[in-house]
Amino acid sequence: MHVSLNMAMSLDGKIATAQRGPVKLGSGYDFQRMGEIRAEHQAVINGAATFRAYPKLLHVQDQALLQRRQALGWSPQPISAIASSRLELPKGTPWEKAVDSERWAFCGAKAPRARINALEKAGVKVVRSRQPRPGAKEILRAFERAGITKVLLEGGGEFNASFLELGLVDKIYLTVVPILIGGKDSPTWCEGKGFKAFPRFRLRSQRELEGELYLEYEKTLAPLGQKP
Ligand SMILES: NC(=O)c1ccc[n+]([C@@H]2O[C@H](COP(=O)([O-])OP(=O)(O)OC[C@H]3O[C@@H](n4cnc5c(N)ncnc54)[C@H](OP(=O)(O)O)[C@@H]3O)[C@@H](O)[C@H]2O)c1
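Residues numbered from 1 in each chain as written. Predicted model: local features only at pLDDT ≥ 70, side-chain atom pairs only at ≥ 80, totals over all residues.

(A) Seen up close, the pairing of strand E1 (residues 2-10). Of all nine residues in E1, seven are buried, a share of seventy percent or more. Bridge count between E1 and strand E6 (residues 150-153): four bridges; the pairing is parallel. Across the sheet, Val3 pairs through a bridge with Val151, a residue of E6. Both E1 and strand E7 (residues 171-177) contribute to a ladder of seven bridges, which runs parallel. Within E7, the position partnered with Asn6 by the bridge is Tyr173. (Buried ≥ 20, exposed ≤ 12 C-beta atoms within 10 Å, placed from the backbone. Helix = DSSP H or I, 4+ residues; strand = E, 2+ residues; numbered from the N terminus. Pairing = 2+ DSSP bridges.)

(B) The arrangement of the packing of helix H1 (residues 28-39) against helix H3 (residues 63-71) in detail. One way to put it is that H1 packs onto H3 with a least axis distance of 10 Å and a crossing angle of 10°. The angle between H1 and H3 places the two elements in the roughly parallel class. Contacts between H1 and H3 pair Gly35, Glu36 and Ala39 from the former with Leu65, Arg68 and Arg69 from the latter. Of the residues contributing to the contact of H1 with H3, the split by class is two nonpolar, one polar and three charged. (Axes fitted to C-alpha atoms, helices over the stretch in contact; angles between N-to-C directions. Parallel < 35°, antiparallel > 145°, perpendicular 65-115°, else oblique. Contact = placed C-beta atoms within 7 Å. Nonpolar A, V, L, I, M, F, W, Y, C, P; charged D, E, K, R; others polar.)

(C) Spotlight on the nonpolar core. Judged by nonpolar contacts, the single largest core of 44 residues is most densely connected at Ile45, Ala81 and Ala105. For this core, the leading source of residues is E1, giving five residues. Contacts of Ala105, omitting those with residues within four sequence positions, involve Ile82, Ser84, Leu87, Leu119, Val124 and Val126. (Core = buried A, V, L, I, M, F, W, Y, C linked by C-beta atoms within 7 Å.)

(D) Representation of the site of the ligand within the structure. Around the ligand sit 31 residues in total, of which Ala16, Gly47, Ser85, Gly155 and Gly156 are the nearest. Within the residue set of the shell around the ligand, elements represented by two or more residues are E1, helix H2 (48-53) and helix H7 (157-164). Here the shell around the ligand is built from residues that sort into 15 nonpolar, nine polar and seven charged. (Near = placed C-beta within 6 Å.)

(E) Just unusual backbone geometry, in detail. Omega for the bond connecting Gly155 with Gly156 falls within 30 degrees of zero, at 0°, which places this linkage in the cis form. Here Gly156 shows up in the loop between E6 and H7. At Arg20, a position not held by glycine, the phi torsion is positive, near 65°. Looking at the secondary structure, you find Arg20 in the loop between E1 and H1. Residue Arg20 is classed as partly exposed on the basis of its 17 C-beta neighbours within 10 Å. Non-glycine residue Glu210 carries a positive phi angle of around 50°. As for its placement among the helices and strands, Glu210 is situated in the loop between strand E8 (201-209) and strand E9 (212-219).

(F) Molecular detail of helix H6 (residues 136-145). For H6, the set of buried residues is Ala136, Ile139, Leu140 and Phe143. Axial view of H6: buried residues confined to an arc of 95°, hence all on one face. Residues of H6 that are exposed and point over 90 degrees away from its buried face: Lys137, Arg141 and Arg145. As for H6, its buried residues are in contact with E1, strand E2 (43-47), strand E3 (79-83), strand E4 (103-107), E6 and H7. (Arc of directions from axis to C-beta.)

(G) Molecular detail of the sheet that holds strand E5 (residues 125-128). Spatially, nine strands are ordered E5-E4-E3-E2-E6-E1-E7-E9-E8 in an open sheet, and the strand pairing comes out mixed. The sheet terminates laterally at E5 and E8, the two strands that pair on one side only. Averaged over neighbouring strand pairs, the angle between their axes works out to 20° when direction is ignored. Pairing of E2 with E6, which is carried by three bridges, proceeds in the parallel orientation. Each residue of the ladder has a partner; that of Val44, found in E6, is Leu152. Along the sheet, H1 contacts E1, E2, E6, E7, E8 and E9; its crossing angle with E1, the most-contacted strand, is approximately 170°. Contacting E4 and E5, helix H5 (residues 113-121) runs over the sheet at an angle of about 150° to E5.

As structure tokens, this is what we get:
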């Protein structure tokens, strides 16, 4: 299993305002790059708050990228997945209605049966946890059982942190956008409880385009203070 994460953040490290609504951060190139990164993965997944802000399919638009996926023997589009304990999500969204696209929903033990049934009827594969909230490891195990070994996390900060805290993220794509969002309650791309031993990542590439910085990091084996 290989897990990547792709996020855009402001200069002050924020990904949205405190209200958690949709915010356009990156440029047209950042959007294009998001498609390129998605195209390299078999499944793309969001946490519930991100889905509430952007209830969309996590699709690839570019035809050349779609053809490259098919050459690999992959489905034209990556699976669009979400994780939500009780499936308290907007109803009737393009994601829910997209019958020709593979969609997965990970939920907790207390997700209402009626909501699960409605999603299944709409063609969504629902994976229900025995825990109140679907955990990062069980999400990856479910993908792996279906032969999916390249998964992309697209936020938000709380969902990302649940994977980072378990050392499950191999690669981080980060766009630094030269704006300030501010606000102590505005989320960063890694929320959660914080780390005791600080996970360490190695810079693999950096690129500047129109004032935005495109960074790519990969996991090293040892946390800060230990030899990698
Ligand atoms: N700039 C960017 O690149 C970017 C990208 C994505 C999102 N965003 C922004 O980020 C904001 C949302 O971020 P956020 O940190 O507030 O929320 P989030 O990470 O999107 O969602 C967190 C929610 O996901 C559900 N969840 C299910 N399984 C989980 C698990 N294993 N670990 C953690 N959460 C799990 C929980 O909701 P339930 O209780 O319902 O299960 C949890 O409250 C939005 O404003 C969005 O616009 C920005």
